[in-house]
Amino acid sequence: MQECRSEEAYNIGLLKRDLLNPAPSPFAPRLSIVVPIGKLALRHSTTHLAAMSTFIEHASQPEASRDVGAAIRRGLAGRCPHCGTGRLFGRFLKVVPACATCAERLDLHRADDLPAYLVILIVGHVVVGAMLAFETFDTFSTSAQMFIWPTLTLVLALLLLQPVKGAIIALQWALHMHGFGAPHPLEHE
Ligand SMILES: [Zn+2]
């Protein structure tokens, strides 16, 4: 009985020792890495949540309607779709970051290849139509046509690229498309 009690006391003593001085966990050293990462993730998720709430708040508000026709006319003329005064292009097809007159951001467009596709469509129809018409009446010699049609194609393409790109940017601006709409939540960073 005595022995049994002492063994019990010994076991309780061991338990107390283990509870008070736990053996170092194999994961313990990794906590020094895990905790800062967790804190960082928490801070980032808080930032994202704040940005997301701003985004939802912004998106839930009806955006001011813009005159699409007026904007496209201004874009065709190479002017800022917002005020119609400032220049839309710095160089041939290089859009200025913001309007020099009204400070409206203009580099948020996503025109990409659409101006080129539209120019090909327009110039193709004009030049092929003209070629067929002149071929019907047999107006020009073959050697003259070999000069006229490529030159006309090149000149028309160069003349149309800037106004077409301007009109597309103005259309995107007027419809609050892409970067012209509500700011993306991740763009706050
Ligand atoms: Zn402007």
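Please read all numbers here as calculations on a predicted model, not as lab measurements. (Residues numbered from 1 in each chain as written. Predicted model: local features only at pLDDT ≥ 70, side-chain atom pairs only at ≥ 80, totals over all residues.)

### Looking at the overall build of the protein
Alright, step 1. What the protein contains, in helices and strands, is 5 helices and 0 strands.
Alright, step 2. The helix and strand sequence of the protein, counted from the amino end, reads α-α-α-α-α.
Alright, step 3. In the protein, buried positions account for 14% of the 189 residues.
Alright, step 4. Intrachain contacts of the protein at a sequence separation of at least 6 include 60% that bridge at least 24 residues. (Helix = DSSP H or I, 4+ residues; strand = E, 2+ residues; numbered from the N terminus. Buried ≥ 20, exposed ≤ 12 C-beta atoms within 10 Å, placed from the backbone. Contact = placed C-beta atoms within 7 Å.)

### Side note on the environment of C83
Alright, step 1. Mapped onto the secondary structure, C83 falls in the loop between α3 (68–76) and α4 (114–137).
Alright, step 2. Its 14 C-beta neighbours within 10 Å are what place C83 among the partly exposed residues.
Alright, step 3. Considered as a pair, C83 and E104 are 21 residues apart in the sequence and their alpha carbons are 8.6 Å apart.
Alright, step 4. Excluding residues within four positions of it along the chain, C83 makes contact with C99, T101 and C102.

### Brief notes about the nonpolar core
Alright, step 1. Among the nonpolar cores identified, the biggest contains 16 residues, and A71, L106, A167, I169, A170 and W173 are the most heavily contacted of them.
Alright, step 2. Only α3, α4 and α5 (142–174) provide two or more residues apiece to this core.
Alright, step 3. Sort the elements by how many residues they give to this core and α5 lands first, with 7 residues.
Alright, step 4. Not counting the four nearest positions on each side in its chain, A167 is found in contact with I72, G75 and L76. (Core = buried A, V, L, I, M, F, W, Y, C linked by C-beta atoms within 7 Å.)

### Notes on α5
Alright, step 1. An ideal rise of 1.5 Å per residue puts 48 Å on 33 residues; α5 measures up with 47 Å between its terminal C-alpha atoms.
Alright, step 2. For α5, every residue scored as buried is listed here: Q162, V164, K165, G166, A167, I168, I169, A170, Q172, W173 and A174.
Alright, step 3. Residues of α5 that are buried make contact with α3 and α4. (Expected span 1.5 Å × (residues − 1).)

### Some thoughts on unusual backbone geometry
Alright, step 1. Phi at D112 takes a positive value of approximately 50°, unusual for a residue other than glycine.
Alright, step 2. Residue position: D112 is located in the loop between α3 and α4.
Alright, step 3. Residue H178 is not a glycine yet carries a positive backbone phi of 50°.
Alright, step 4. If you trace the backbone, H178 turns up in the segment after α5.

### Some thoughts on the confidence of the model for the protein
Alright, step 1. When pLDDT is averaged along the protein, the result is 82, and 70% of the positions lie at 70 or above.
Alright, step 2. No element of the protein has a lower mean pLDDT than helix α2 (residues 28–60), at 61, and none a higher one than α3, at 96. (pLDDT = per-residue confidence, 0-100.)

### Observations regarding the packing of α3 against α5
Alright, step 1. Running from amino to carboxyl end, α3 crosses α5 at an angle of 150°, the nearest separation of the two axes being 7 Å. As far as their axial angle goes, α5 and α3 are roughly antiparallel. Seen along the crossing, α3 lies across α5 with a hand that is right-handed. For the pair formed by α3 and α5, the contact residues are V68, A71, I72, R74, G75 and L76 on the first element and P163, G166, A167, I169, A170, L171, W173 and A174 on the second.
Alright, step 2. Counted by class, the contact of α3 with α5 contains 11 nonpolar, 2 polar and 1 charged residues. (Axes fitted to C-alpha atoms, helices over the stretch in contact; angles between N-to-C directions. Parallel < 35°, antiparallel > 145°, perpendicular 65-115°, else oblique. Left-handed = near helix turned anticlockwise from the far one by under 90°. Nonpolar A, V, L, I, M, F, W, Y, C, P; charged D, E, K, R; others polar.)

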